[in-house]
Amino acid sequence: MAEAVIGELRRAEGGGWMSVEEVERELARLRMGEDGQLGLRASVLNLVAVTGEETAPQVAEAVSRLAGEHPSRTVLLISDPEGPERMDVRLSAFCTPRGGGTQVCAEQITIHAEGPPARHLESIAGPLLIPDLPVFLFYTGSFSPGSPEFVPLARLADRLILDSSSWGGCGRAFAAAVGVLSREDLPPAGDLQWATLTPWRALISEMFAAPQLAGELAGIGEVEIHHAPDGECRALLLAGWLASSLGWRLEAASGPPPARELRFSGPPGEVRLRMQPATPAARLARVILRSADCEFCVSRSLEHPEARATVSRGGEVVGESVAYIGRFDMSAMLAEELRCRGRDEAYERALRAAAEVVA
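Note that this is a predicted model, so its numbers are computed, not measured. (Residues numbered from 1 in each chain as written. Predicted model: local features only at pLDDT ≥ 70, side-chain atom pairs only at ≥ 80, totals over all residues. Heavy atoms only, no water.)

Some words on the overall build of the protein
Rule in force here: Numbering of helices and strands starts at the N terminus; helices are DSSP runs of H or I of at least 4 residues and strands are runs of E of at least 2. A radius of gyration in this sense is built from C-alpha atoms; the matching globule rule multiplies 2.2 Å by the number of residues raised to 0.38. The buried label applies to any residue whose accessible area, calculated with a 1.4 Å probe on protein chains only, is under 20% of its type's maximum; exposed applies above 50%, and partly exposed to all values in between. Only the protein chains shown count as cover for residues, and all accessible areas are computed by the Shrake-Rupley method using a 1.4 Å probe. Think of it this way: Lys and Arg go in the positive column, Asp and Glu in the negative one, and His and the chain ends go nowhere. Charge positions come from single atoms, namely NZ of Lys, CZ of Arg, CG of Asp or CD of Glu.
When you go through the protein residue by residue, the secondary structure sums to 11 helices and 17 strands. The C-alpha atoms of the protein give 23 Å as radius of gyration, which agrees with the globular expectation for 359 residues (21 Å, within 12%). With respect to the three principal axes, the spread of C-alpha positions in the protein is 70 × 50 × 35 Å. Here the protein, with 359 residues, has 52% of them falling under the buried criterion. A total of about 15,800 Å² of accessible surface is found on the protein, and carbon and sulfur atoms cover 51% of it. Within the protein, one finds 35 positive and 49 negative side-chain charges whose respective centroids are separated by 2 Å.

Structure (structure tokens):
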């Protein structure tokens with residue numbers, strides 16, 4: 001993952017309610033350099049992030065770290081529909097010097113919305129978006145895909161990003177994501193937990209790239225996925241990706257979650273997949289695939305940003321590689337999801353397969 005870059009942070013004084021015109025005027029003032037030269041607004045997208053008071057500091061830190069890689073206008077909505085009526089607007093800009101004495105700035109509008117305003121977030125965020133730029137909606141908590149609070153806000157977006165690990169149960173999160181994808185009036189969806197699987201999926205695919213090993217892929221009969229207890233959602237999505245990519249059909253799921261044992265029928269016959277929660281060495285620690293002749297393993301630990309991939313035949317290692325995976329904090333996961341525009345068909349297939357397991 002590219003290292004996040006945060007420019008000079010500038011904040012506006014004050015707070016309370018501000019009109020759209022006041023917001024635009026104050027953001028322009030924040031972009032002004034000491035020499036009076038107006039900094040360029042470097043937004044390539046609109047990011048609307050919805051969170052609660054408890055998780056707001058983590059989300060604010062994550063979106064601020066995107067300013068270098070994905071400069072945007074960010075509208076951070078800290079929402080509490082059950083609180084007393086209150087609206088408070090805070091403005092900030094992250095400005096980075098460029099050549100020739102110029103500077104570029106990303107903007108962040110932080111709004112505390114409590115009481116009735118928090119039930120109509122679309123009316124708050126909509127007028128603040130920059131026209132003709134894609135809109136990403138990062139919804140950090142749970143939602144109902146048919147609720148009157150969620151639907152109008154989601155319709156503002158070109159893409160929805162959720163975090164299934166924050167729902168207190170993968171089943172609810174997967175069902176909600178499937179619900180969003182089944183509606184034509186709602187945008188495509190993505191998941192931070194899926195974003196972390198990009199290097200894992202690449203490493204697993206590369207192990208079968210050699211012509212002498214390609215045939216083993218069709219003969220996989222056993223799979224083990226070792227994960228931390230809080231890594232169940234990404235482990236299920238990885239299992240869903242394997243099943244949907246290799247044409248496996250779920251026949252049975254047993255065992256108390258998260259220690260699940262899944263039985264699939266596939267082109268080679270029966271495939272058994274065991275999900276094994278382990279010590280929190282990493283949310284996803286090891287994936288092992290076995291055919292009749294070979295074992296393919298990808299593993300990592302929290303101490304190292306690299307993953308090690310090995311291929312063994314008859315107990316002897318016949319292939320080995322190490323690849324940089326990086327550390328996936330919320331900012332890195334969000335940056336990965338912001339690269340995706342439109343539908344992610346691989347994710348959608350994996351999601352539906354994972355949702356079937358936990359249904």
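A closer look at the sheet that holds strand β16 (residues 306–313)
Inclusion rule: Two strands make a pair as long as DSSP finds a minimum of two bridges between them. Orientation is described by axes fitted as lines to C-alpha atoms, over the contacting stretch for helices, and by angles from 0 to 180 degrees between their N-to-C directions. By the convention used here, residues are in contact when the closest approach between their heavy atoms is within 4.5 Å.
The strand order across the open sheet formed by 8 strands is β11-β12-β13-β10-β14-β15-β16-β17, and the pairing between neighbours is mixed. The open sheet terminates on both sides in strands that have one partner only, identified here as β11 (249–254) and β17 (316–324). Averaged over all pairs of adjacent strands, the angle between their axes in this sheet comes to 15°, without regard to strand direction. In the sheet, strand β10 (residues 222–227) pairs with strand β14 (residues 284–290) via 6 bridges, with the strands oriented antiparallel. Paired with Ile225 across the strands is Val287, a residue of β14. Here helix α9 (residues 232–246) sits on the sheet in contact with β10, β12 (261–266), β13 (269–277) and β14, set at roughly 160° to β10.

Comments concerning the state of the cysteines
Which entries qualify depends on this criterion: In plain terms, two cysteine sulfur atoms within 2.5 Å form what is called a disulfide here.
The tally for this structure, following the rule as stated, stands at 2 disulfides. Note on cysteine connectivity: Cys170 is disulfide-linked to Cys233, with sulfurs 2.2 Å apart. Handedness here is read from the sign of the S-S torsion; for Cys170 and Cys233, about -105°, the answer is left-handed. Of this pair, Cys170 sits in helix α5 (residues 170–181) while Cys233 is found in helix α9, placing the two residues 63 residues apart along the sequence.

Re the pairing of strand β15 (residues 294–299)
Taking burial as the measure, the 6 residues of β15 include 5 buried ones, the bulk of the element. As paired strands, β14 and β15 are joined by 5 bridges and run antiparallel to one another. Residue pairing for β15: Arg290 is matched across the bridge by Glu295. Remark: 3 residues form the turn of the hairpin made by β14 and β15, two consecutive strands paired antiparallel. In terms of strand pairing, β15 meets β16 through 6 bridges, oriented antiparallel. Bridge pairing in β16 places Cys294 opposite Arg313. Connecting the antiparallel pair β15 and β16 is a turn made up of 6 residues.

What to know about the pattern of salt bridges
As a reminder of what qualifies: By definition here, a salt bridge exists when the distance from a side-chain nitrogen of Lys or Arg to a carboxyl oxygen of Asp or Glu is within 4 Å.
Per the counting criterion, the structure on display carries 23 salt bridges. Two residues, Glu107 and Arg73, come together in a salt bridge whose shortest N-O distance is 2.9 Å. A residue pair is termed long-range when its members are at least 10 positions apart, and Glu107 in strand β6 (residues 103–114) and Arg73 in strand β4 (residues 72–80) qualify at 34 residues. Classification of Arg73 by relative accessible area gives buried; the value is 1%. Ionic pairing is found between Arg339 and Glu336, a salt bridge with its closest N-O pair at 2.8 Å. Relative accessible area serves as the criterion here: at 41%, Arg339 is assigned to the partly exposed category. Connected through shared salt-bridge partners, Glu222, Glu224, Arg274, Arg290 and Glu295 make up one network.

Details of the side chain of Ser331
Heads up, the rule is: Pairing of N or O atoms within 3.5 Å defines a polar contact, subject to two protein rules: one partner must be a possible hydrogen donor and the other a possible acceptor, and residues neighboring in sequence count only if both atoms are side-chain atoms.
Secondary-structure assignment places Ser331 in helix α10 (residues 330–338). A polar atom in the side chain of Ser331 sits 3.2 Å from the backbone oxygen of Ala62. Those residues in contact with Ser331 that sit more than four places away from it in its chain are Ala62, Arg65 and Leu66.

Coordinates in, geometry out; function isn't part of it.
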